[in-house]
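# Residue-level structure breakdown
In case you want the letters, here they are:
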Protein chains: 2
Amino acid sequence: MKNNEIYSEKIYEKGNVMASACPSRAILQHITSKWGVLILVILRQGTKRFSELRKEIDGMSERMLSQTLQYLEQDKMIHRQDFQTVPPHVEYSLTPFGQTAADKLYELVDWLETTLPEIEKGQNR
Amino acid sequence: MKNNEIYSEKIYEKGNVMASACPSRAILQHITSKWGVLILVILRQGTKRFSELRKEIDGMSERMLSQTLQYLEQDKMIHRQDFQTVPPHVEYSLTPFGQTAADKLYELVDWLETTLPEIEKGQNR
C-alpha cells in the first residue's frame, strides 16, 4: 500500500489516519480512547493531580489512568510535573497541542451531552 | 454516586460523560472508537457500501467493520439500507446526528493530520 510506504519512510508532509502505518492513527487512538477523551476534557479546567483526575472521572481504574496519561504525555498532549516529594505530588496539564485536541473533543462531548435526550428518543421509536 | 442514580432512573435533561451510568458515555465510546471515528469520517464523503468502507480504511477486519457499524446504527449515527438482493447490496450513510458527530470528529482528524509533522518534531526533541 503506497500510503503505508510513505509513512514508514517518514517522507510525508501531512498525516493520513486512513493509512495504518501513519503515526497520526496511533495518536488519534490515544486521544479518542475511552479514558483519553475524558482526561483531556477534564484537563481543560486546569492543572490536576492524579487523585483529582481519578475522582472526577467515574469508573476509571488507577492502572488505566496511569497508562492513558503515559500515552498522552508521549504524544505531547499533556505535561507531567513531578515535584519529587514524599508522598508524591504529580500534576498534569494540557500542552498547546493537548489544548487544541481537548477543545475539539469538548465540542463533540458537549454536543453529545446536549443532544442525548433527542438521540434516546430516536432510539426508542 | 448521585449522577449515576439520575442516569439509571432516566430523570435527566442533559447527559454527563463523566458519569459511568450515563448513556452518553457509551455513545461517546462508539463514535470515538478506533474504527468508529474512521467510519464516520469516511461517510462524510457520502453513502458507501460495506466493501467500499473496508477498502478505504486500511487494516480493518470485516468483523470489526460489522460490529462498529451495528453500534453506530443502534446509536442512530448511521442509516443502513439493505436492498434485499442476492448477492447482498447494503449501503451505509450518516443520519443527521451522525453528520454532526462526523463533522466534529473530522475537525479533530484534520487538525491532527496537519499538525503531525510538528508533533513528531516535538516527540524527537
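Let me begin by describing the structure that accompanies this report. Computed from a prediction, not measured in an experiment: that's the story for all the values here.

Criteria and cut-off values
Residues numbered from 1 in each chain as written. Chains lettered and ligands numbered in written order. Predicted model: local features only at pLDDT ≥ 70, side-chain atom pairs only at ≥ 80, totals over all residues. Helix = DSSP H or I, 4+ residues; strand = E, 2+ residues; numbered from the N terminus. Rg over C-alpha atoms; globule rule 2.2 N^0.38 Å. Contact = placed C-beta atoms within 7 Å. Pairing = 2+ DSSP bridges. Axes fitted to C-alpha atoms, helices over the stretch in contact; angles between N-to-C directions. Least-squares fit on C-alpha atoms with pLDDT ≥ 70 in both. Nonpolar A, V, L, I, M, F, W, Y, C, P; charged D, E, K, R; others polar. Parallel < 35°, antiparallel > 145°, perpendicular 65-115°, else oblique.

### With respect to the overall build of chain A
Per the secondary structure count, chain A includes six helices and three strands. Tracing chain A from N to C terminus, the helices and strands come up as α-α-α-β-α-α-β-β-α. The C-alpha radius of gyration of chain A comes to 17 Å, more than 25% above the 14 Å expected for a compact globule of 125 residues. A principal-axis box enclosing the C-alpha atoms of chain A has dimensions of 55 × 50 × 25 Å. Long-range contacts, defined as pairs at least 24 residues apart, comprise 44% of the intrachain contacts of chain A with a sequence gap of at least 6.

### Examining the sheet that holds strand β3 (residues 90-94) of chain A
Residues and elements named next belong to chain A. Ordered in space as β1-β3-β2, the three strands form an open sheet in which the pairing is antiparallel. With partners counted over all chains shown, the strands left at the sheet margins are β1 (48-49) and β2 (78-82), one partner each. With five bridges connecting them, β2 and β3 associate as antiparallel partners. Counted as the bridge partner of I78 is L94 from β3. Against the sheet, helix α3 (residues 34-43) makes contact with β1, β2 and β3, and its axis sits at roughly 90° relative to β3, the strand it touches most. Packed onto the sheet, helix α5 (residues 62-74) meets β2 and β3 and runs at close to 115° relative to β2.

### Quick look at the sheet that holds strand β3 (residues 90-94) of chain B
Residue and element names in this part refer to chain B. With antiparallel pairing, the three strands of this open sheet are ordered in space as β1-β3-β2. Of all the strands in the sheet, the pair left with one neighbour each is β1 (48-49) and β2 (78-82). Strand contacts of helix α3 (residues 34-43): β1, β2 and β3, with the helix running at about 90° to β3, the strand carrying the most contacts. Relative to β2, helix α5 (residues 62-74) is tilted by about 115°, and along the sheet it contacts β2 and β3.

### So, the relation of the copies chain B and chain A
Superposition record for chain B on chain A: RMSD 0.0 Å, screw rotation 180°, translation along axis 0.0 Å. When the rotation and shift are considered jointly, the pair of chain copies conforms to a two-fold rotation axis. Within chain B, the C-alpha atom positioned nearest to the axis of rotation is that of T32 of chain B, 2.7 Å from it. Of the interface residues in chain B, 100% have counterparts in chain A that sit at the interface too, so the contact is made through matching surfaces.

### Some words on the interface of chain B and chain A
With 44 residues of chain B at the contact, the number on the chain A side is 44 residues. Sorting the residues of the side of chain B that touches chain A by element identifies α2 (23-31), α3 and α6 (96-124) of chain B as the ones contributing at least two each. With 19 residues, α6 of chain B is the largest single contributor of residues to the side of chain B that touches chain A. Of the residues in the side of chain B that touches chain A, the class split is 20 nonpolar, 13 polar and eleven charged.

### Here we look at the packing of α3 of chain B against α5 of chain B
Residue and element names in this part refer to chain B. Remark: α3 packs on α5, axes separated minimally by 10 Å, with the N-to-C direction vectors making an angle of 75°. One finds that α3 runs roughly perpendicular with respect to α5. Listed contacts from α5 to W35, G36 and I39 of α3 are M64, L65, T68, L69 and L72. For the contact of α3 with α5, a count of residues per class yields six nonpolar, two polar and no charged.

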